[in-house]
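So you can see what is in the structure, the chains are spelled out below.
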Amino acid sequence: MAPSTDILLKQLKKRRWQLWILAFSLLLTYALCVAIIVDPTRWEKIFSLYTKQTIIILLTGLVVLSLLFCTYVVITEKRLYKLQDLVIKEQGAFLRDSTFRLSCLEKICETFNRMFASYEPGIFSKTLNEVAKLSCELFKADYASIMLVDESDNKLKTQGLFGISDETIRSAALQFGEAIAGWVVEKTEALRLNHQTDYSKFKGYFQKERYIQSALSAPLLRHNKLFGVLNITRLAPNKDFTDLDLQFLKLAIKDITFPIEHISHIKTLTEKEKKLTEDQNLVQIGKLAAGLAHDFKNIIFVASGYLEIMAGSPEFKNNLETITKITAELNKMQNIIRNLLILGRHHSLKKKEVSINDLIKNLLEPLKNKLDSQGIRVILNLDRNLSTVTADPEQLQIALINLIQNAEEAMEETSRKELTIITTVVQNNQFNITVSDTGKGIENENLPRIFDTFFSTKELGIGAGLGLSITENIINAHQGKITVESVPGQGATFSITLPR
């Protein structure tokens, strides 16, 4: 209800009492006058106490008082008419504004319907940009953004934007609790900010932005699942968002969240279907690879034997360097074959009590000469508080060797070569193993696919793309998690978290 309507209702209640008082006063005055005129003798005793002049003054006062009430009511009536006109205008403006806002909501629904009718790659991002534009129209705002939760890293990322072309905002990735959107997502409640907002209660989350006059932000929440956040901002002064804006925001959230949830389900089903197809293909490839690997394993075993004989023969004394290089390449082939054999069959874990620190030291021992020859400095920082854990030592050894080999290859062309392995005990009965190198790093566009089977950043024919994929499978089989962080040109860090 508009403010003027409230004032009008209060004035009408007040006027009702004024009319009753006026009616009673007039009735009393005229009744007294009639009584005096009709039977003056009855009033002689009363009037004998007063002079004629006093009686005239009293009657005149009553009449004047009645006239004053009449005048006051007339003035009040005029004010009420003005208020009534104002209310009519406000109601008309409210009706027009509501109609416009509802049409914007209808356009948002139509935009999503068009997207579903002609679903194609890239249309989702375009649709969210269009929805952000319609949101600006809906709230008469300067710019709007739609940020969705990226489940791969659990961060908020801008997917729809209108009214601002700043690429830093478009590429922004916020943690839960970071900035206005992060606060809304963490608290899962809508937020309205204006020039009167006390920002002290948001200390540690965000501060008042000078260029933001008023802002609305609400979580995209459906069936207790969080999909993202809608942000609306006004830059002009003295244009705070109202309670009505907040009500329409809740309506807009419903119209936006449902299609996003639907798209999320479509993506999930598509990914599962793709994963199922890939898994079926991998099973066939794995069987074929395992058969070939067995044959190649025998050939490499024979070739390695001949190379060992040649290395000890005086006839090939001048060819020792060449023999060493061939042996190194055969060792690489053995690693590839080992990975192919693992790919070709499903291993059931043989868990037992094992010291992770000792396992790392033991697997590094035979690699020491090889790493030293390449100028790689190994740095160990092993947590003494990490006692024995329950795991499959053979499988973990394979996973760590793959990471070490990956680091070794990444540092082939770098001047500073350091391999750092750290173990730490963490909360919730878990421990971490981090393997860091000072190699060339991983490009940002390759990070999401780095653990994909057969994905390799090396040239065709050099890398099989199996090591990291198998490492991830081993860690997942142990109910653990492996992540990677990398800056191109500054190396990479692989972090493994496992239960104790």
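Residues numbered from 1 in each chain as written. Predicted model: local features only at pLDDT ≥ 70, side-chain atom pairs only at ≥ 80, totals over all residues. Heavy atoms only, no water.

Undergrad: Would you take a moment to explain helix H11 (residues 393-410) for this structure?
TA: Because the α-helix completes a turn every 3.6 residues, residues three or four places apart line up on one side. With 18 residues, H11 ought to run about 26 Å at 1.5 Å a step, and its terminal C-alpha atoms sit 26 Å apart, in line with that. Among the 18 residues that make up H11, 13 are buried, leaving the element largely enclosed by the rest of the structure. Regarding H11, its N-cap is Asp392, as a side-chain oxygen of that residue lies 3.1 Å from the backbone nitrogen of Glu394 further along. (Helix = DSSP H or I, 4+ residues; strand = E, 2+ residues; numbered from the N terminus. Expected span 1.5 Å × (residues − 1). Buried < 20%, exposed > 50% of the residue type's maximum accessible area, 1.4 Å probe, protein only. Polar contact = N/O pair within 3.5 Å; in protein donor to acceptor, adjacent residues only side chain to side chain.)

Undergrad: Just checking my understanding: could you explain the sheet that holds strand S13 (residues 492-499) for this structure?
TA: Note on sheets: strands pair through backbone hydrogen bonds, and any given pair is parallel or antiparallel. Pairing is mixed across the open sheet formed by five strands, whose spatial order is S8-S10-S11-S13-S12. Only two strands of the sheet have a single partner each, and these edge strands are strand S8 (377-382) and strand S12 (481-486). Across this sheet, the average inter-strand angle for adjacent strands is 15°, counted without regard to direction. With six bridges connecting them, S8 and strand S10 (residues 418-426) associate as parallel partners. Paired with Leu382 across the strands is Thr423, a residue of S10. (Pairing = 2+ DSSP bridges. Axes fitted to C-alpha atoms, helices over the stretch in contact; angles between N-to-C directions.)

Undergrad: Please explain the sheet that holds strand S3 (residues 173-174) as it appears in this structure.
TA: In space, the six strands of this open sheet follow the order S3-S2-S1-S6-S5-S4, with antiparallel pairing throughout. In this open sheet, the two edge strands, each paired with only one partner strand, are S3 and strand S4 (191-193). Of the pairings in the sheet, the one linking strand S1 (residues 143-150) to strand S2 (residues 155-162) comprises seven bridges and is antiparallel in character. Residue pairing in the sheet places Ile146 in a bridge with Gly160 of S2. Packing of helix H4 (residues 123-139) onto the sheet brings it into contact with S1, S2, strand S5 (214-222) and strand S6 (225-234), and relative to S2 it is tilted by some 70°. Contacting S1, S2, S3, S4, S5 and S6, helix H6 (residues 179-187) crosses the sheet at an angle of about 140° to S6. (Contact = heavy atoms within 4.5 Å.)

Undergrad: Explain the pattern of salt bridges to me, please; I cannot follow it from the model alone.
TA: Should the charged atoms of two oppositely charged side chains come close, the side chains can pair. Counted under the stated rule, the structure contains eight salt bridges. Note that Lys368 is salt-bridged to Asp372, the shortest N-O span being 3.1 Å. Here the residue Lys368 and the residue Asp372 both occupy positions in helix H10 (residues 368-373), the gap between them amounting to four residues, near one helical turn. A relative accessible area of 45% means that Lys368 is categorised as partly exposed. (Salt bridge = Lys/Arg side-chain N within 4 Å of Asp/Glu carboxyl O.)

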